[in-house]
Amino acid sequence: MEENVPDTPLGRMYKEHIALILKKDIEALLDQYTPDALLISSFSGDRTPKYFKGREELREHFKGILGIEGLQLQIAFWGESNDPEALMIVEDIKMQTADGEASMRFADSWALKNGKIAIHFAGMVQYPDGTYA
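This one's a predicted model, so the numbers in the text were calculated from it and none came from an experiment.

## A word on the overall build of the chain
Of the regular secondary structure elements, the chain holds 3 helices and 7 strands. For the chain, the α and β elements follow one another from N to C terminus as β-α-α-β-β-α-β-β-β-β. In terms of overall size, the chain behaves like a compact globule, its C-alpha atoms giving a radius of gyration of 14 Å where 133 residues would be expected to give roughly 14 Å. Projecting the C-alpha coordinates of the chain onto the three principal axes gives extents of approximately 40 × 30 × 25 Å. Burial status across the chain gives 39% buried among its 133 residues.

This is the structure we're talking about:
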């Protein structure tokens, strides 16, 4: 499923993150975040940033994973730091949607505090229609 993920603490956390998405286990996914975490997303169709702060807003954002089927991903870029604890990745994604197979490219960055995601930048780099952000 995940290719090119290193066997490091952040690599294992990332693999767990993807496994929780595939299980559609939103509560366990939220446990990877600090209670006051901020997620900034560019996944909306209108290409404007969306901000989700705290567990309740993150829960609403993650309800979008309920429609994901057949997720396949490959890491195109991986960069991590232990001090401060941070991760930057670019993922090539394929998945099934209500409209058929979608291919896109995501950029995710995490800033962690005490082993939990405090800030998550979730960006669409290439949209399913082939256009770029």
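## A word on unusual backbone geometry
Asp83 connects to Pro84 through a cis peptide bond whose omega is 5 degrees. Tracing the backbone shows Pro84 in the loop between β4 (69-82) and β5 (85-97). Its identity as a non-glycine residue notwithstanding, Asn114 has a phi of 55 degrees, on the positive side. Looking at Asn114, the relative accessible area reads 76%, which means it is exposed.

## Observations regarding the pattern of salt bridges
One side chain can pair with another of opposite charge once the charged atoms of both are near each other. Counted according to the given criterion, the structure contains 8 salt bridges. We note a salt bridge from Glu69 to Lys24, for which the minimum N-O separation is 3.6 Å. Note that Glu69 is positioned in strand β4 and Lys24 in the loop between α1 (9-23) and α2 (26-30), a separation of 45 residues in sequence. Through salt bridges that share partners, Glu27, Asp31, Arg55, Glu56 and Arg59 make up one connected network.

## Considering helix α3 (residues 54-62)
Along α3, the residues classified as buried are Gly54, Leu58, Arg59, His61 and Phe62. Around the axis of α3, the buried residues are gathered within 160 degrees of arc, so they sit on the same side. Buried residues along α3 sit in contact with α2, β2 (33-41) and β3 (50-53).

## Some points on the environment of Ala102
As for its placement among the helices and strands, Ala102 is situated in strand β6 (residues 100-113). Along the primary structure Ala102 and Asp129 are separated by 27 residues, whereas in three dimensions their C-alpha atoms are 8.3 Å apart. Apart from the residues lying within four places of it in its own chain, the contact partners of Ala102 are Ile93, Lys94, Met95, Thr97 and Pro128.

## What about the packing of aromatic side chains?
Tallied over the entire structure, the rule returns 3 aromatic pairs. Where Tyr14 meets Trp78, the ring centres are 5.6 Å apart and the plane angle is 85 degrees; that geometry is what we call edge-to-face. With Tyr14 in helix α1 and Trp78 in strand β4, this pair connects stretches of sequence that are 64 residues apart. For Tyr14, a relative accessible area of 1% translates into the label buried. Taking relative accessible area as the criterion, Trp78 reaches 19% and is therefore assigned buried. One aromatic cluster in this structure is built from Tyr14, Trp78 and Trp110.

## As for the side chain of Gln32
Its place among the elements puts Gln32 in the loop between α2 and β2. Residue Gln32 is classed as buried on the basis of its relative accessible area, which comes to 5%.

Conventions we followed
- Residues numbered from 1 in each chain as written.
- Predicted model: local features only at pLDDT ≥ 70, side-chain atom pairs only at ≥ 80, totals over all residues.
- Heavy atoms only, no water.
- Helix = DSSP H or I, 4+ residues; strand = E, 2+ residues; numbered from the N terminus.
- Rg over C-alpha atoms; globule rule 2.2 N^0.38 Å.
- Buried < 20%, exposed > 50% of the residue type's maximum accessible area, 1.4 Å probe, protein only.
- Salt bridge = Lys/Arg side-chain N within 4 Å of Asp/Glu carboxyl O.
- Arc of directions from axis to C-beta.
- Contact = heavy atoms within 4.5 Å.
- Phe/Tyr/Trp six-rings, centres within 6.5 Å; stacked < 30°, edge-to-face > 60°.

So far we have only geometry, and geometry alone does not tell us how the molecule works.
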